[in-house]
Amino acid sequence: MNSLGFKSQRGVSLVEILVMLVVSAIIVTFAVNLLGKSSTNLERQNIAKKFKTSLDRARFDSVKRRASSCSDMSRVEITSATSFTVLTDDNGDGTLESASETRTVDFSGSQASVQIVDDSSPTYPITIRFDQRGRTTSGACGSETPAYTPTVFCNLPCTSATANAGNSNVVFVSPTGTTALMTGGSTIPTFSAPTVANTSANVNPLLSIWDLVTGNSNSNSSPTPTVTPTVTPTVTPTVTPTVTPTVTPTVTPTVTPTVTPTVTPTVTPTVTPTATPNYCASGVAPGTSGCICDPVNQHLQGSKCRNNH
């Protein structure tokens, strides 16, 4: 009979359990911290993107409508550290209606505590408007100033001095209206004024102008000319003695340009009929004494005129 002996059983000590719990807590805390930062950064970036998109829409609207007066220019206004408005021609009637076409973006309830920290004591509203060429101005109409840029969106606690790539985004708009979304701490680009060439008044020498106005020196058309054609008809009448024929030829010459006169000359030639011929006697050769055979009563036989029987 075999006897069963006691087997050694070793459990987990209390110290090991505590160590495992501490390590797990550190890992969870680290993961939650990373997840929280990612969520915060994503929310801040979304707000900055909304601001940039609003600037682009306002610029496009002013260019599309050819807004020339200050009051008719589409614009974005920063109304506080946590809100801004956008005014564009939403209904497409060609005019701005502040009461019905102003849209407000308010991110004061953001869990990430995102704020605009451009200036320690800004004066609101800060206006960025666009003219018909997309150029930017700020300030009140009649006393416009350069646009207020850049705009820094930052997660609190933050100031313009502590903004960096990890906690902020910058939206920049140039004097010509070009916008850019950058990370905090980025170097703001500088743009020189573009060179605008004046339109030349010279005419392209390769361009031909066709002016159809009659009488103009450049006209390709001309008045109808007066044409007096000289007609020399060739008439070959059949001459019958004691007949004075009347020949009326119809001549239609072709005259360029676009002239077709009808000329009907009346030609009356002077015909001198031949006197009664000298017919030869029968048996006489033609040509003797200037005679000829009678074509009606005679015929030529053996080189002599013979009477018809």
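Notes on the structure in this doc start here. Per chain, the residues get numbers from 1 upward, laid out in the order the sequence is written. Restriction of local features to residues with pLDDT of at least 70 applies here, the model being predicted, together with a cutoff of 80 or more for giving and counting side-chain atom pairs; totals for whole chains, interfaces and linings are based on all residues. Hydrogens are left out, water is left out, and the side-chain values use all remaining heavy atoms of the structure.

A few words now on the overall build of the protein. Helix numbering and strand numbering both begin at the N terminus, where a helix is a DSSP run of H or I of at least 4 residues and a strand a DSSP run of E of at least 2. A count of helices and strands for the protein gives 2 helices and 11 strands. Element order for the protein, N to C, with α for helix and β for strand: α-β-β-α-β-β-β-β-β-β-β-β-β. Between buried and exposed lies partly exposed: a residue is buried under 20% and exposed over 50% of the maximum accessible area for its type, with that area taken using a 1.4 Å probe on protein chains only. Relative to its full complement of 309 residues, the protein shows a buried share of 26%. Every residue pair with non-hydrogen atoms within 4.5 Å of one another is taken to be in contact. Counting contacts in the protein only where the partners sit at least 6 residues apart, residues at least 24 apart contribute 45% of the total. Per-residue and other accessible areas follow the Shrake-Rupley method at a 1.4 Å probe size, with only the shown protein chains counted as cover for residues. In the structure as shown, the protein presents an accessible area of about 21,200 Å², 56% of it carried by carbon and sulfur atoms.

Turning our attention to the sheet that holds strand β9 (residues 179–183). Two modes of strand pairing occur in sheets, parallel and antiparallel, and in both the strands are linked by backbone hydrogen bonds. In short, DSSP must find at least two bridges between two strands for them to pair. Spatially, β4-β7-β8-β9 is the arrangement adopted by the 4 strands of the open sheet, whose pairing is antiparallel. At either end of the open sheet lies a strand with only one pairing partner, and these are β4 (114–116) and β9. In this sheet, adjacent strand axes meet at a mean angle of 20° when their direction is disregarded. Orientation is described by lines fitted to C-alpha atoms, with helices fitted over the stretch in contact, and by angles between N-to-C directions that extend from 0 to 180 degrees.

Relative to β9, strand β8 (residues 168–173) is paired through 5 bridges, and the arrangement is antiparallel. Considered in β9, the bridge of Asn-169 is made with Thr-183. The antiparallel pairing of β8 with β9 creates a hairpin that spans 5 residues between the two strands, and Gly-177 there sits at a positive phi of about 100°.

Here a salt bridge means any side-chain nitrogen of Lys or Arg lying within 4 Å of a carboxyl oxygen belonging to Asp or Glu. All chains considered together, the criterion is met by 7 salt bridges. Here Lys-64 makes a salt bridge to Asp-61, at a shortest N to O gap of 4.0 Å. Of this pair, Lys-64 and Asp-61 both sit in helix α1 (residues 14–65), 3 residues apart, which is roughly one turn of the helix. Under the relative-accessibility criterion, Lys-64 is labelled exposed at 52%.

Another aspect to go through is the state of the cysteines. For the purposes of this analysis, a disulfide is any pair of cysteine sulfur atoms at a distance within 2.5 Å. In the structure shown here, the tally under the stated rule is 4 disulfides. The disulfide that involves Cys-154 links it to Cys-158, with 1.8 Å between the sulfurs. Across the disulfide from Cys-154 to Cys-158, rotation about the S-S bond amounts to roughly 95°, and the bridge is consequently right-handed. Residue classification places Cys-154 among the buried positions, given a relative accessible area of 0%. With relative accessibility at 10%, the residue Cys-158 sits in the buried group. Described in terms of the sequence order of its bonded cysteines, the disulfide pattern of the protein is 1-2, 3-4, 5-6, 7-8.

Within the open sheet, the 5 strands sit side by side as β3-β2-β1-β5-β6. Their pairing is antiparallel. Sheet topology places β3 (102–106) and β6 (136–137) at the edges, where each strand pairs with a single neighbour. Here 2 bridges tie strand β5 (residues 126–130) to β6, and the two strands are oriented antiparallel to one another. Bridge pairing in β6 links Arg-129 to Thr-137.

Within strand β7 (residues 151–155), 5 of the 5 residues are buried, leaving the element largely enclosed by the surrounding structure. The sheet contact formed by β7 and β8 spans 4 bridges and is antiparallel. Considered in β8, the bridge of Val-152 is made with Val-170.

Before going further, it helps to spend a moment on the side chain of Thr-136. With respect to the element layout, Thr-136 can be found in strand β6. By relative accessible area, Thr-136 is classed as buried at 9%. Here a polar contact means two N or O atoms within 3.5 Å. Within protein one must be a hydrogen donor candidate and the other an acceptor candidate, and residues neighboring in sequence count only if both atoms are side-chain atoms. There is a polar contact of 3.2 Å between the side chain of Thr-136 and the backbone oxygen of Ser-174. Ignoring anything within four residues of it in the chain, the contact list for Thr-136 reads Ile-128, Arg-129, Phe-130, Ala-147, Val-173, Ser-174, Pro-175 and Gly-177.

A few words on the packing of aromatic side chains. When the centres of two rings from Phe, Tyr and Trp lie within 6.5 Å, Trp using its six-membered ring, the rings pair. Their planes under 30 degrees apart give stacked, over 60 give edge-to-face, and anything left gives tilted. A complete count under the given rule lists 3 aromatic pairs for this structure. Their ring planes at 55° and their centres at 6.2 Å tell us that Phe-107 and Phe-153 sit as a pair that is tilted. Remark: Phe-153 occurs in strand β7 and Phe-107 occurs in the loop between β3 and β4; sequence separation between them is 46 residues. Residue classification places Phe-153 among the buried residues on the basis of a relative accessible area of 0%.

Position of Ser-83 relative to the elements: it lies in strand β2 (residues 83–87). Separated by 2.7 Å, the side chains of Ser-83 and Thr-79 make a polar contact. Polar side-chain contacts of Ser-83 include one of 2.7 Å to the side chain of Ser-80. For Ser-83, the residues in contact, after removing those within four places along its chain, are Ile-78, Val-105, Asp-106 and Phe-107.

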